[in-house]
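Coordinates in review
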Amino acid sequence: MFSSNVLRTSFGAALIAAVAFFGAVPQQALAQAASEPAATAPAADTTAAPAAPAAAVEQEAVENPYGLKALWEQGDWVAHGTLVILLIMSMGSWYIIFTKLFEQRTMAKSARASAETFWKASSVKAGVTALEEGSAFRYIAEAGVKASDHHEGTMVEQIDKHTWVGMSVDRAVGSVQGRLTDGLAFLATVGSTAPFVGLFGTVWGIYNALVKIGISGQASIDKVAGPVGEALIMTAIGLAVAVPAVIGYNWLIRRNKGVMDQTKAFAADLHNVLIAGKR
């Protein structure tokens with residue numbers, strides 16, 4: 001009796017434990033299944049959508065506030081005078097360069113013409129009339145013929161004819177050379193002084209800029225860059241005036257040498273013809 005009660009009690013306890021165990025398992029499985037979708041759910045796409053292209057910025061032509069125009073409008077009478085002087089130097093330099101190039105070309109053409117006409121003439125006087133009127137070679141030939149024809153019966157007859165004719169021809173050559181070199185001194189002066197004139201304008205402009213900055217009490221880059229940049233333009237203008245003058249001077253000197261070599265050769269041959277009657 002006692003054993004059957006114990007057996008029934010044990011069987012009941014085991015049945016209750018089995019029910020409790022199998023009842024708890026589905027609840028845990030359901031809880032795990034409910035949590036898995038949340039864990040495995042794909043993450044929301046947080047990537048921002050591409051921004052719309054910005055509107056194209058319109059570019060407008062803005063006038064340079066620090067250029068040559070601003071320098072003239074904001075400059076005082078000293079700056080204006082410096083710019084005018086540099087402008088006169090530049091115009092004078094270019095005028096002399098082109099004028100001398102034309103004169104040299106004309107003399108080179110006359111040298112070729114003298115070789116073709118003068119020395120093929122029957123006499124010196126015929127050769128002189130064959131030369132171009134107003135040319136340097138005709139001027140030299142006329143001076144030599146005049147000295148040869150008017151030597152006797154005058155006070156210069158104390159000088160021998162050879163010396164007198166040679167002196168007259170040399171003076172004519174010197175006159176032609178002096179006319180060729182006219183204006184070269186101006187080019188040399190411009191080439192040596194224009195940079196310093198521009199530098200003077202720069203120093204004066206920087207001085208005025210510093211005075212304005214000191215009065216305004218603002219030394220920011222926009223306040224300093226403009227006036228100082230405008231002042232430095234003066235130096236650039238001075239160099240732009242000086243460089244062509246120096247190059248033109250050296251070039252003209254070189255060309256003058258070639259033209260004068262032809263002129264002196266013609267004068268020497270003319271002297272020999274007037275004295276010895278042959279070239």
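Fair warning: this is a prediction, and the values are worked out from it, not measured in the lab.

Considering the pattern of salt bridges
Following the criterion strictly, the structure yields four salt bridges and no others. A salt bridge links Glu142 to Arg138; its shortest N-O distance comes to 3.0 Å. Residue Glu142 and its partner Arg138 are both found in helix α5 (residues 136-149); the two are separated by four residues, about one turn of the helix. Assessed through its relative accessible area of 38%, Glu142 is described here as partly exposed. Residue Lys257 is joined to Asp261 by a salt bridge in which the shortest nitrogen-to-oxygen separation is 3.5 Å. With Lys257 and Asp261 both in helix α8 (residues 221-276), this residue pair falls four residues apart, about one helical turn. Note on Asp261: relative accessible area 41%, which makes it partly exposed. Connected through salt bridges with shared partners, the residues Glu133, Arg138 and Glu142 form a single ionic network.

Observations regarding the environment of Glu132
Mapping Glu132 onto the fold places it in the loop between α4 (124-130) and α5. Judged by relative accessible area, which is 49%, Glu132 ranks as partly exposed. With 18 residues separating them along the chain, Glu132 and Ser114 place their C-alpha atoms 8.8 Å apart. Those residues in contact with Glu132 that sit more than four places away from it in its chain are Ser110 and Arg138.

Focus on the confidence of the model for the chain
Here the chain averages 74 in pLDDT, and 66% of its residues register 70 or above. Element-level pLDDT for the chain is lowest in helix α1 (residues 2-40), with a mean of 44, against a maximum mean of 88 in helix α3 (residues 77-117). In this model residues 1-7 is a low-confidence stretch, pLDDT under 50, and it forms zero contacts with partners more than four residues away in sequence or in other chains. pLDDT under 50 marks residues 9-57. Its contacts with residues more than four places away, or in other chains, come to zero contacts.

Calculation notes
Residues numbered from 1 in each chain as written. Predicted model: local features only at pLDDT ≥ 70, side-chain atom pairs only at ≥ 80, totals over all residues. Heavy atoms only, no water. Salt bridge = Lys/Arg side-chain N within 4 Å of Asp/Glu carboxyl O. Helix = DSSP H or I, 4+ residues; strand = E, 2+ residues; numbered from the N terminus. Buried < 20%, exposed > 50% of the residue type's maximum accessible area, 1.4 Å probe, protein only. Contact = heavy atoms within 4.5 Å. pLDDT = per-residue confidence, 0-100.

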